[in-house]
Amino acid sequence: MAPANPNHAPKQERAIQTREQLLKAAAEVFDEYGYAGAGINKILQRAGVTAGALYFHFKDKKSLAMEVMNAQRGTIEPHVPTTGLQRLVDITLIWSHSLQADPMLRAGVRLTGEQAAFGLQDATPYAVWTRSFEECLEVARAQGELREHVRIDELAEFVVGACTGMQEYAQVVSRRADLPRRTVNMWRALLPGVAAGPAFDGIENSEERALSLWTSVSAPDQGEGTRP
């Protein structure tokens, strides 16, 4: 058996770091300039890498944009410790602050809306969020948290659509500064109709919780200056 190449692991680690640098830089540039204005040179300059490094990881700007567009779920879900209906509420509460401070999430949302500009009509980001919410609601149903009439697929799809419209409205009105309040209000309207009695009494939904959750998940990676 041939001996292991001692340089393999460091090279692999550098490749992973380069890819992450590119995604982070691309997200920042897409967020600031949109797809049309996000030139490859701007992304390379922001990432501090060569064109060769970019094309090693991504075929072109379109494939890079698609990667950012489909990264939305991963920016939030790994940080949510709760389950069932509370988890669904918490995902949206964290999301309401992340859209103010996280370029990766903001870029993903912007690119989803602009995707026609790069030749796509891809509902995958919406489908991914819908499936995520369905998973929360399936657990909620198993735990007896939902009213009998609630259809999981319909509620999950509705919440995705409501959040999509709500963040667009908030962007126009306040540059999303009031998105946490709007998200809390959405759940105040929805929860009485979907949560079973004991579960309804136990659900935590407030702007204070939204900020606390966001602060706890952003602390390891975000500087103080980026918190809302």
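This text follows the structure it describes.
Before going into details, it helps to say that this report is about the structure given with it. (Residues numbered from 1 in each chain as written. Predicted model: local features only at pLDDT ≥ 70, side-chain atom pairs only at ≥ 80, totals over all residues. Heavy atoms only, no water.)

1. A look at the environment of Glu168
Then step 1. Along the polypeptide, Glu168 turns up in helix α8 (residues 152-174).
Then step 2. C-alpha separation for the pair Glu168 and Leu179, spaced eleven residues apart in sequence, amounts to 9.6 Å. (Helix = DSSP H or I, 4+ residues; strand = E, 2+ residues; numbered from the N terminus.)

2. What about the packing of α8 against helix α9 (residues 179-194)?
Then step 1. At a minimum axis distance of 10 Å, the contact between α8 and α9 shows a crossing angle of 155°. Considering the angle they form, α8 stands roughly antiparallel to α9. The crossing of α8 and α9 is right-handed. Residue-level inspection shows Leu155, Phe158, Val159, Ala162, Cys163, Met166, Gln167, Tyr169, Ala170 and Val173 of α8 in contact with α9, the latter providing Leu179, Arg182, Thr183, Met186, Trp187, Leu190 and Val194.
Then step 2. Taken together, the residues that form the contact of α8 with α9 break down as 14 nonpolar, two polar and one charged. (Axes fitted to C-alpha atoms, helices over the stretch in contact; angles between N-to-C directions. Parallel < 35°, antiparallel > 145°, perpendicular 65-115°, else oblique. Left-handed = near helix turned anticlockwise from the far one by under 90°. Contact = heavy atoms within 4.5 Å. Nonpolar A, V, L, I, M, F, W, Y, C, P; charged D, E, K, R; others polar.)

3. As for unusual backbone geometry
Then step 1. Look at Arg175: it is not a glycine, yet its phi comes out positive at around 55°.
Then step 2. Locating Arg175 in the fold gives a position in the loop between α8 and α9.
Then step 3. Under the relative-accessibility criterion, Arg175 is labelled exposed at 66%.
Then step 4. The phi angle at Arg176 is positive, at roughly 70°, despite the residue not being glycine.
Then step 5. Relative to the helices and strands, Arg176 resides in the loop between α8 and α9. (Buried < 20%, exposed > 50% of the residue type's maximum accessible area, 1.4 Å probe, protein only.)

Functional significance is not addressed by these values, which are geometric in nature.
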